[in-house]
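One-letter residues, chain by chain:
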Amino acid sequence: MLEQERKKVRHLLSVKDPEGIRVIYLEAATYSIGRDPKNAIYLRSKSVSRQHAMLLRVTELDQERYFFRIIDGSFTGKKSTNGIFVNGQRCSARDLKHGDFVEFGDLAEATYYAVSNLTDQEFAEICNSKDPLALLTSSEGGGYNTVVADLDSDEDSSDVALARLASFPELTPSPIIEVEIPQRISYLNPAATSRFPELVAQQLEHPLLTGLSALLETHFKGRNTRSLTRTVEVGNQTYEQFIHYMAESDLVRLFLTDITERRQVELELKRRDQLMAAVSSASTSLLTELDYDLAFAQALKIIGEAADVDRVVIYENYPHPNTAEITMRLRQEWTKPDIRSLLPLLGNQVQSYSTFGVQHWYQALHAGQCIQGIRSHLSISEQTLLGRDQVQALIMVPIRLGRQCWGFIAFHDCTHERQWSAHEESILFAMAASLGGAIQRQQTEEVIRYRASHDLLTGLPNRASFDEKLAQALKEARRNHTPKGPLLVVMFLDLDQFKGINDTLGHTIGDDLLREVSQRIKETIHPHTVFSRWGGDEFTLLIPHINRLAQATQEAASILSALEPPFNLHGHELFISASIGIAIY
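Quick look at the structure, then. For clarity, every value in this text was computed on a predicted model and none was experimentally measured.

Moving on, we get to the overall build of the protein chain. Broken down by element type, the protein chain carries 18 helices and 28 strands. In the protein chain, which comprises 585 residues, the proportion classed as buried is 43%. Relative to all contacts within the protein chain whose residues are 6 or more apart in sequence, the contacts with residues 24 or more apart total 56%. Accessible surface, the protein chain: about 30,700 Å² in total, of which carbon and sulfur atoms supply 51%.

Throughout the structure, instances matching the rule amount to nine aromatic pairs. A ring pair is formed by F242 and F255, whose centres lie 6.1 Å apart and whose planes are at 45°; its orientation type is tilted. Here F255 lies in strand β16 (residues 251-258) and F242 lies in strand β15 (residues 237-246), a separation of 13 residues in the sequence. Taking relative accessible area as the criterion, F242 reaches 35% and is therefore assigned partly exposed. Looking at F255, the relative accessible area reads 25%, which means it is partly exposed. Connected via pairs of aromatic rings, a cluster forms that spans F466, F492 and W534. The cationic tip of R418 hangs over the ring face of W420; the distance from NZ or CZ to the ring centre is 3.8 Å. When the ring centre of F567 is taken as origin, the NZ or CZ atom of R520, which lies over that ring, is 3.6 Å away.

In contact at an axis separation of 8 Å, helix α9 (residues 260-288) and helix α10 (residues 292-307) are set at 175° when each is read in the N-to-C sense. Judged on the interaxial angle alone, α10 and α9 are roughly antiparallel. Touching R271, Q274, L275, A278, V279, S281, A282, S285 and L286 of α9 are A295, F296, Q298, A299, I302, I303, A306 and A307, all from α10. Residue composition of the contact of α9 with α10, by class: twelve nonpolar, four polar and one charged.

Next up on the list: the pattern of salt bridges. This structure, assessed with the given rule, holds 23 salt bridges. Two residues, D503 and K499, come together in a salt bridge whose shortest N-O distance is 2.8 Å. Pair noted here: D503 and K499 are both in helix α16 (residues 498-505), with a separation of four residues, about one helical turn. Like D503, the residue K499 is exposed in the burial classification. The structure contains a network of salt bridges with shared partners spanning E240, R262, R263 and E266.

The gaps of empty space that remain are located by a probe, the size of a water molecule, rolled over the atoms. A full pass over the atoms with the stated rule returns one cavity of 30 Å³ or more. What the largest cavity holds in volume is close to 100 Å³. Going through the elements one at a time, α13 (380-388), β21 (393-401) and β22 (404-413) are the ones with two or more residues in the lining of the largest cavity. When grouped by side-chain class, the residues that make up the lining of the largest cavity number nine nonpolar, two polar and two charged.

This part takes up the side chain of R230. Among the secondary structure elements, R230 is positioned in strand β14 (residues 227-234). The charged side chain of R230 is buried without a salt bridge, its nearest counter-charge being E240 at 11 Å. At 3.4 Å, the side chain of R230 forms a polar contact with the backbone oxygen of T210. Looking at R230, its side chain comes within polar contact range of the side chain of Q241, at 2.6 Å. Each residue touching R230, except ones within four places of it in the same chain, is listed here: L208, L209, T210, G211, L212, L215, Y239, E240, Q241 and I243.

Moving on, we get to the packing of α9 against helix α14 (residues 422-453). Two elements in contact, α9 and α14, have axes separated by 10 Å at closest approach and are oriented at 5°. In terms of orientation, α9 and α14 fall into the roughly parallel class. Counted together, E268, R271, R272, L275, M276, V279, A282, S283, L286 and L287 of α9 and H423, E424, I427, L428, A430, M431, S434, L435, A438 and R441 of α14 form the full contact between these two elements. Of the residues that constitute the contact of α9 with α14, the class distribution is twelve nonpolar, three polar and five charged.

A word on the nonpolar core. Proteins that are soluble and globular tend to have nonpolar side chains buried together. Ranked by internal contacts, the top residues of the largest apolar core, which has 33 residues, are I409 and F411. Listed by contribution, the elements that provide at least two residues to this core are α9, α10, β17 (311-319), β21, β22 and α14. Element by element, the count of residues in this core is highest for α10, at eight residues. Those residues in contact with F411, other than ones at most four positions away along the chain, are I303, V309, R311, V312, A393, L394, I395, W420 and L428. Membership of the second largest hydrophobic core comes to 27 residues, among which are L460, V489, L493 and L569.

Taken together, L549, I582 and I584 make up a surface patch of nonpolar side chains, about 250 Å² in accessible area. Note on placement: I582 falls in strand β28 (residues 578-584).

Mapped onto the secondary structure, Q372 falls in strand β20 (residues 371-374). Reaching out from Q372, the side chain makes a polar contact with the side chain of E425 at a distance of 2.8 Å. Not counting chain neighbours up to four residues away, the residues in contact with Q372 comprise L394, I395, Q419, W420 and E425.

On to the layout of surface pockets, then. Looking at the largest pocket, its volume works out to about 340 Å³. Listing elements by their share of the lining of the largest pocket, those giving two or more residues are α9 and α10. Here the lining of the largest pocket gets six residues from one element, more than from any other, and that element is α9. Of the residues in the lining of the largest pocket, the class split is four nonpolar, five polar and five charged.

So, on to the sheet that holds strand β2 (residues 20-26). Pairing in this open sheet of six strands is antiparallel, and the strands run β2-β1-β11-β10-β7-β8 from one edge to the other. The open sheet is flanked by β2 and β8 (89-91), the only strands paired with a single partner. Geometrically, the sheet is characterised by an average inter-axis angle of 25° between neighbouring strands, direction not taken into account. When strand β7 (residues 84-86) meets β8, the two strands line up antiparallel, connected through three bridges. Bridging across to β8, F85 finds its partner in R90. In this fold helix α2 (residues 120-128) packs onto β1 (10-17) and β2, with an angle of close to 15° to the strand it touches most, β1.

Parameters and conventions
Residues numbered from 1 in each chain as written. Predicted model: local features only at pLDDT ≥ 70, side-chain atom pairs only at ≥ 80, totals over all residues. Heavy atoms only, no water. Helix = DSSP H or I, 4+ residues; strand = E, 2+ residues; numbered from the N terminus. Buried < 20%, exposed > 50% of the residue type's maximum accessible area, 1.4 Å probe, protein only. Contact = heavy atoms within 4.5 Å. Areas by Shrake-Rupley, 256 points an atom, 1.4 Å probe, with all protein chains shown as cover. Phe/Tyr/Trp six-rings, centres within 6.5 Å; stacked < 30°, edge-to-face > 60°. Lys NZ or Arg CZ within 6 Å of the ring centre and 35° of its normal. Axes fitted to C-alpha atoms, helices over the stretch in contact; angles between N-to-C directions. Parallel < 35°, antiparallel > 145°, perpendicular 65-115°, else oblique. Nonpolar A, V, L, I, M, F, W, Y, C, P; charged D, E, K, R; others polar. Salt bridge = Lys/Arg side-chain N within 4 Å of Asp/Glu carboxyl O. 1 Å grid on protein atoms, 1.4 Å probe; cavity = no way out; pocket = protein on both sides within 12 Å on 5 of 7 lines; lining within 4 Å. Points joined across faces, edges and corners; volume = space filled by probe spheres on them. Lys, Arg positive; Asp, Glu negative; His and termini not counted. Polar contact = N/O pair within 3.5 Å; in protein donor to acceptor, adjacent residues only side chain to side chain. Core = buried A, V, L, I, M, F, W, Y, C linked by side-chain atoms within 4.5 Å. Patch = residues over 30% accessible without salt bridge, like charges linked within 9 Å, V, L, I, M, F, W, Y side chains within 5 Å. Pairing = 2+ DSSP bridges.

As structure tokens, this is what we get:
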């Protein structure tokens with residue numbers, strides 16, 4: 001560790017002005033120097049111009065190191081009033097080396113140090129010292145001398161040099177790379193060196209330059225165009241790469257712009273649009289498809305593919321039959337072809353929130369909140385449950401029927417981690433609302449169908465339902481009729497003297513008596529017997545398969561025997577008998 005610290009080259013500028021001495025650790029690509037407090041290096045002296053000079057970090061590509069170059073004037077090219085003096089000589093620009101003494105005006109000066117053979121602790125002591133020069137000169141190892149370029153041959157050449165040194169490639173924060181095709185990288189600006197330190201070692205094998213030679217051959221051969229744009233990915237970052245080909249020198253200059261955030265926004269907008277279209281399509285399916293199971297399957301497939309998830313499930317909240325505790329039961333599922341289905345394992349299971357330690361899920365869903373997360377970031381109990389289902393990340397949105405939380409729809413990512421945006425959450429809430437509306441319509445239709453086919457007082461099938469089942473039984477009996485085949489039996493039962501009970505004791509007791517009679521008969525007859533209320537105090541029974549007539553008479557006798565014990569209703573002991581007629585086909 002200490003050996004690595006001592007190998008590191010550290011660039012320092014010891015600045016002295018009327019306010020005292022301070023040490024600046026140089027590591028940025030550019031520094032502005034002047035009397036204006038907005039400068040990176042602020043000199044408190046009236047003899048210094050507002051923007052007096054610049055320090056540029058210049059990378060030596062072959063040596064994989066850098067040095068600093070000082071230039072007289074501002075970034076716009078305007079020179080200072082009093083100029084800069086390096087080691088007593090006035091200059092327009094100079095590559096600094098260890099120990100160079102720079103004067104900016106009266107009482108404003110600096111000394112540049114490029115040193116190695118220092119530990120981090122020794123370096124910190126130098127930076128905090130009131131006399132860093134004494135410590136630097138006493139430290140072992142000496143300084144690291146940079147390459148010196150002669151930029152002061154004459155005034156004209158100095159102006160040209162200044163314009164070049166303050167040019168766009170050196171100052172821009174965007175990486176710029178020049179490549180000599182097909183051999184090597186010939187230039188990296190400071191931004192490229194800082195952003196991609198591995199470029200020098202990897203050369204044309206770096207992801208930024210992979211396939212560049214082939215691309216130039218196919219794109220520029222036989223064409224007048226000399227530029228193109230492509231997108232490249234380096235790690236988790238995405239860059240837009242503008243490629244300019246200079247055929248006369250077989251040189252390529254690449255300008256890079258980091259578009260990672262823009263690409264993420266674009267992808268999010270695209271996914272949001274896809275989700276919105278999918279919700280619309282799924283809602284249409286839920287509205288138009290009469291088969292609700294098929295409608296739900298289609299809706300989950302549409303929204304699952306648009307959201308690019310691995311699995312979509314719908315759970316219903318369900319009171320436990322024994323404890324009345326709220327549990328969840330898997331009702332619907334869609335998965336990608338290569339993802340394990342949960343229905344074979346969990347389709348008939350009632351799963352308790354508290355058993356898995358996720359009762360806070362129900363509380364949040366009941367409050368109308370969504371739940372999302374990456375498995376590795378969640379609690380141990382949540383990780384256990386999601387691990388069972390092979391879920392890496394999920395989002396759950398409540399399905400509400402009015403004020404009631406009926407259940408939830410969950411989107412599972414089983415192969416990668418994912419974070420959902422607020423826009424996507426709002427779209428999934430819209431999907432959940434459509435599902436809630438479809439479930440409510442389904443329940444309403446089931447109630448309507450039930451009332452159309454059942455007697456509301458006793459809960460038995462009504463006359464219309466009995467007629468329909470009788471017609472089906474007769475059709476089957478005619479089709480399968482043989483001389484020794486099974487018999488089709490219909491019984492008609494009428495309660496004796498029921499009108500008198502109704503008239504004397506009232507309709508409330510009469511209705512309760514009909515319910516009790518219905519219950520006794522249901523407990524007596526065979527489970528496959530169709531038992532219905534014909535109307536008033538009349539009932540019908542359909543027995544589709546009887547081998548002997550005696551079985552029918554035995555069934556009738558059992559019913560009459562079941563009605564013999566008294567009925568105790570509202571303090572009254574009531575006896576009722578019945579008459580039964582039997583028809584055989």
